[in-house]
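Examination of the molecular architecture
Letter by letter, the chains look like this.
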Amino acid sequence: MKKLAKLEYLPNNFRIIEKGDYVLCAISGKQIPLDKLNYWNVKDQEAYYSYKEAHLKKESNND
């Protein structure tokens, strides 16, 4: 059974706080396997499934 991980997002990496297999995208709610995690926001401590979700978040912050 897959388990949700808890991470601390750093500028160029992340630190595992609680071991797991995936995190959830802050925009879509999709599961992101840790080995596929490429997009996150250090300030908001959020993960994003792809560049599309990261862009949506950036656009919503500019409103």
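The coordinates are above.
Residues numbered from 1 in each chain as written. Predicted model: local features only at pLDDT ≥ 70, side-chain atom pairs only at ≥ 80, totals over all residues. Heavy atoms only, no water.

Brief notes about unusual backbone geometry
What counts is decided by this rule: The helix and strand labels rest on DSSP assignments: H or I over at least four residues marks a helix, E over at least two residues marks a strand, and numbering proceeds from the N terminus.
The backbone phi angle of Q45 is positive, close to 50 degrees, even though this residue is not glycine. Tracing the backbone shows Q45 in the loop between β5 (39–41) and β6 (46–48).

A look at the packing of aromatic side chains
Test applied: Pairing of aromatic rings covers Phe, Tyr and Trp, the last through its six-membered ring, and needs centres within 6.5 Å; plane angles under 30 degrees mean stacked, over 60 mean edge-to-face, and all others mean tilted. Note on exposure labels: buried denotes an accessible area under 20% of the residue type's maximum, exposed denotes more than 50%, and partly exposed covers the range between, all computed with a 1.4 Å probe on protein chains only. Here, a charge over a ring means that NZ of Lys or CZ of Arg falls within 6 Å of the ring centre while also lying within 35 degrees of the ring normal.
Taken as a whole and assessed by the stated rule, the structure comprises 2 aromatic pairs. With a centroid separation of 5.6 Å and an interplanar angle of 85 degrees, the aromatic rings of F14 and W40 are classed as edge-to-face. Pair noted here: F14 is in strand β2 (residues 14–18) and W40 is in strand β5, with a separation of 26 residues, a long-range link. W40 sits in the partly exposed class, given a relative accessible area of 22%. Three or more aromatic residues joined by ring pairs make a cluster, and in this case those are Y9, F14 and W40. Over the aromatic face of Y49 sits the side chain of K30, whose NZ or CZ is 4.5 Å from the ring centroid.

Digging into the side chain of S50
The line we're drawing: Polar contact criterion, stated in full: a pair of N or O atoms within 3.5 Å, where within protein one must be able to donate a hydrogen and the other to accept it, and residues adjacent in sequence count only if both atoms are side-chain atoms.
Position of S50 among the secondary structure elements: in the loop between β6 and α1 (51–61). When its relative accessible area of 16% is taken as the criterion, S50 is described as buried. At 3.2 Å, the side chain of S50 and the backbone nitrogen of K52 are in polar contact.

Remarks on the environment of D44
Along the chain, the position of D44 falls in the loop between β5 and β6. Judged by its relative accessible area of 27%, D44 is partly exposed. Residues D44 and Y9 lie 35 residues apart in sequence; the distance between their C-alpha atoms is 8.9 Å.

A word on the pairing of strand β1 (residues 6–9)
Worth spelling out the cut-off: If DSSP finds at least two bridges between two strands, the strands pair.
A one-sided burial pattern is seen for β1, the buried positions being L7 and Y9 and the unburied ones K6 and E8. Bridging between β1 and β2 involves 4 bridges; their strand directions are antiparallel. Note that in β2 the partner of K6 across the bridge is E18. Once β1 ends, the chain turns through 4 residues before running back antiparallel as β2.

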